[in-house]
Amino acid sequence: MKTCYFCRGAVSPGHIDHMAQVGTQYVLVRHVPAEVCVQCGEVYLAADASRQIDEAIANATNAPEHLTVPVVTCP
Ligand SMILES: [Zn+2]
C-alpha cells in the first residue's frame, strides 16, 4: 500500500480534475488518473497522466464544453 509523502496517510487511486495554464489561458482537464491522499488530499498524478494532460490540452480548442469562470483579486 502506497502512503503519502507528506503525512504518511493512505493514498487511494482515482481521478481528479486538473487545471493547466497554457499561456494566458487555462484548460480544465477532467478525469485525470491520479492517486489522492485520503488524509491531507495531496494529489499524485499517475505515471502517464502528464502525457494524457498534454494530449488533452493539444485538443482543447475542440473541447465539447467551455466554461466561463469569474476572476477575482484579493484586496
Ligand atoms: Zn497526505
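See the structure shown above.
Conventions we followed
Residues numbered from 1 in each chain as written. Predicted model: local features only at pLDDT ≥ 70, side-chain atom pairs only at ≥ 80, totals over all residues. Heavy atoms only, no water. Pairing = 2+ DSSP bridges. Helix = DSSP H or I, 4+ residues; strand = E, 2+ residues; numbered from the N terminus. Axes fitted to C-alpha atoms, helices over the stretch in contact; angles between N-to-C directions. Contact = heavy atoms within 4.5 Å. Core = buried A, V, L, I, M, F, W, Y, C linked by side-chain atoms within 4.5 Å. Buried < 20%, exposed > 50% of the residue type's maximum accessible area, 1.4 Å probe, protein only. Donors = N, O, S within 2.8 Å, 3.2 Å for Na, K, Ca; no water. Salt bridge = Lys/Arg side-chain N within 4 Å of Asp/Glu carboxyl O.

**Q** Would you explain the sheet that holds strand 1 (residues 11-22) in this entry?
**A** Hydrogen bonding along the main chain pairs the strands of a sheet, whether they run parallel or antiparallel. Strand order in the open sheet formed by three strands is 1-2-3, and the pairing between neighbours is antiparallel. The open sheet has two free edges, formed respectively by strand 1 and strand 3 (43-45), since each of these has just one partner strand. The sheet shows a mean angle of 50° between the axes of neighbouring strands, direction not considered. By the bridge criterion, eleven bridges tie strand 1 to strand 2 (residues 25-37) in an arrangement that is antiparallel. Residue pairing for strand 2: His15 is matched across the bridge by Pro33. Along the sheet face, helix 1 (residues 49-58) touches strand 1, strand 2 and strand 3 and points at about 160° away from the line of strand 2.

**Q** What exactly am I supposed to notice about the nonpolar core here?
**A** When a protein is soluble and globular, its nonpolar side chains tend to lie buried together. Grouped together as the largest cluster of nonpolar side chains are eight residues: Ile16, Val27, Val29, Val32, Ala34, Ala49, Ile53 and Ala60. Listed by contribution, the elements that provide at least two residues to this core are strand 2 and helix 1. Looking at this core, the element that brings in the most residues is strand 2, giving four residues. Apart from the residues lying within four places of it in its own chain, the contact partners of Val32 are Gly14, His15, Ile16, His18, Leu45, Ala49 and Ile53.

**Q** Help me out: how do you make sense of the coordination of the zinc ion in this one?
**A** For a metal with four tetrahedral donors the ideal donor-metal-donor angle is 109.5 degrees, whereas six octahedral donors ideally subtend 90 or 180 degrees. The protein atoms that coordinate the zinc ion are Cys4 (SG), Cys7 (SG), Cys37 (SG) and Cys40 (SG), at distances of 2.3 to 2.4 Å. Read N to C, the donor residues that coordinate the zinc ion are spaced as C-x2-C-x29-C-x2-C. Residue Cys7 is located in the segment before strand 1, and its partner Cys37 is located in strand 2; the two are separated by 30 residues in the primary sequence. Take Cys7: its relative accessible area is 24%, and that puts it in the partly exposed class. By relative accessible area, Cys37 is classed as buried at 3%.

**Q** What is the right way to look at the pattern of salt bridges in this model?
**A** Between side chains of opposite charge, a pair can form as their charged atoms come close. Taken as a whole and assessed by the stated rule, the structure comprises four salt bridges. Ionic pairing is found between Arg30 and Glu65, a salt bridge with its closest N-O pair at 2.9 Å. Of the two residues, Arg30 is situated in strand 2 and Glu65 in the segment after helix 1; the sequence distance between them amounts to 35 residues. Judged by its relative accessible area of 45%, Arg30 falls in the partly exposed class. Across the salt bridge formed by Glu55 and Arg51, the nearest N and O atoms sit 2.9 Å from each other. Taken together, the positions of Glu55 and Arg51, both in helix 1 and four residues apart, correspond to about one turn of that helix. On the accessibility criterion, Arg51 (43% relative accessible area) is partly exposed. Residues joined by salt bridges that share partners form a network here, namely Asp48, Arg51 and Glu55.

This is a description of form; function is not addressed.
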